[in-house]
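Residue-level structure breakdown
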Amino acid sequence: MKTALPSLVPALLVPAVLASGGALAAPMTLADYLALSGPPPTAKIAYGSAPSQFAELFRPAGPGPFPVVVLVHGGCWTVEYGGISQMHNVAGALAARGIAVWNVEYRRVDEEGGGYPGTYLDMNAALDKLAAEAPAHQLDTSRIVAVGHSAGGQLVQWIAGRSRIPASSPLFQPSPLPVREVISLGGLADLRHEQALIKTSCGRDLAQLAGTPSASRPDIFADTNAAELMPNGSRTLLVTGELDTISPPRAAHDYAARARAAGDRAEVLILPGASHYDEIAASSPAWKLILPLIETALGRSR
């Protein structure tokens, strides 16, 4: 399969990784993903009273200010398939390169208060808490990129469009922290157009993720569907494994086309020989492609 290169990816990067044997590595499995681990966070900071309402800060050594990655885990919006602890793998790798990581936990659909609207309210609260904590930890929120995997991809793509949410919505945030750079790793963001894929890949019904229609909210996608909260001035990089069957390359290309048609910037990178799980493992050859995307989105030269 031909690999589509975003404009910010050096043209020789993919051939270099292929030449190093990266594409020959066996694709990671769910068991491999669940076994991922990494260093502990610098701090665990609550943004609410529920057990899952917290974020982990991975702060690099030395003086700041540090650019920030907002990292949001996947797991099909459920507690069944891992979560925040697996993200320690890439969080540690990013912190080692001088990038602070705000690793977000949130209430999922099978937790009390999760789903609609709770999961989205958690994203709002987690970003508010980041803004409040940034000065104390020397975090530069003017240099920020949101990176989400799978269900987390949907959530970070939604974050970018929060300014377009109607004021009548319970998810409305009057002055949200701007996030203009988004990297979605195998994300499932287009709730309206990907209902069948979300059902087959994750077993999720739209009512869990977007609520149910009502007289005051007849369109459940108006405040939940990232694909309809555009244009919002963001740039989205959709990164998907060539062998990803949960969020296949077709879904990334379709979303990018809708974003560009709406007036936003969106580009696609297909990772050669990679599965849905290689996308979020610093030990994977795919990380050699993903890390430069993150650093470039933060305005850093390698």
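Residues numbered from 1 in each chain as written. Predicted model: local features only at pLDDT ≥ 70, side-chain atom pairs only at ≥ 80, totals over all residues. Heavy atoms only, no water.

This part is about the state of the cysteines. According to the stated counting rule, one finds 1 disulfide in the structure shown. Note that C76 is cross-linked by a disulfide to C202, the S-S spacing being 2.0 Å. Here the S-S torsion is close to -65 degrees, and the disulfide linking C76 with C202 is therefore left-handed. Of this pair, C76 sits in the loop between strand 3 (66-72) and helix 3 (88-95) while C202 sits in helix 6 (residues 195-202), and the two are 126 residues apart along the sequence. (Disulfide = S-S within 2.5 Å. Helix = DSSP H or I, 4+ residues; strand = E, 2+ residues; numbered from the N terminus.)

Right, let's get into helix 4 (residues 118-137). Over its 20 residues, helix 4 extends 27 Å from the first C-alpha to the last, a length consistent with the 28 Å expected when each residue adds 1.5 Å. At A131, helix 4 shows its strongest bend, of approximately 30 degrees, with the proline P135 following within four residues. Listing the buried residues of helix 4 in full gives G118, T119, Y120, D122, M123, N124, A126, L127, L130, E133, A134 and H137. Just beyond helix 4, the residue with positive phi is Q138, at close to 60 degrees. (Expected span 1.5 Å × (residues − 1). Bend = angle between axes of the 7 residues up to and from the residue. Buried < 20%, exposed > 50% of the residue type's maximum accessible area, 1.4 Å probe, protein only.)

The subject of this paragraph is the packing of helix 4 against helix 5 (residues 151-160). Any two packed helices are characterised by how steeply their axes cross, that is the angle between the axes, and by the distance between the axes. Relative to each other, helix 4 and helix 5 sit at 65 degrees, their axes nearing to 11 Å. Judged by the twist between their axes, the crossing of helix 4 over helix 5 is right-handed. Residues T119, Y120, M123, N124 and L127 of helix 4 form the contact with helix 5, whose own contacting residues are Q154, L155, W158 and I159. Here the contact of helix 4 with helix 5 is built from residues that sort into 6 nonpolar, 3 polar and no charged. (Axes fitted to C-alpha atoms, helices over the stretch in contact; angles between N-to-C directions. Left-handed = near helix turned anticlockwise from the far one by under 90°. Contact = heavy atoms within 4.5 Å. Nonpolar A, V, L, I, M, F, W, Y, C, P; charged D, E, K, R; others polar.)

Take the pairing of strand 5 (residues 139-149) next. Counting buried positions along strand 5 yields 8 of 11 residues, so the element is predominantly enclosed. As paired elements, strand 3 and strand 5 share 6 bridges and run parallel to each other. Within strand 5, the position partnered with F66 by the bridge is L139. Looking at chain direction, strand 5 and strand 6 (residues 181-185) are connected through 4 bridges and run parallel. Opposite H149, over in strand 6, you have L185 as the bridge partner. (Pairing = 2+ DSSP bridges.)

The next thing to look at is the side chain of T224. With respect to the element layout, T224 can be found in the loop between helix 7 (206-210) and strand 7 (235-241). Among the polar contacts listed, one links the side chain of T224 to the backbone oxygen of I220, at a separation of 2.7 Å. (Polar contact = N/O pair within 3.5 Å; in protein donor to acceptor, adjacent residues only side chain to side chain.)

A few words now on helix 8 (residues 249-262). For helix 8, with 14 residues, the first-to-last C-alpha span of 20 Å sits near the 20 Å given by 1.5 Å per residue. Within helix 8, burial applies to P249, A251, A252, Y255, A256 and A259. Angular distribution of buried residues about the axis of helix 8 spans 155 degrees; they occupy a single face of the element. Where helix 8 is buried, its residues meet helix 5, helix 6, strand 7 and strand 8 (265-271). Of the residues flanking the end of helix 8, it is G263, one or two places downstream, whose phi is positive at about 110 degrees. (Arc of directions from axis to C-beta.)

What is shown is where atoms sit, not what they do.
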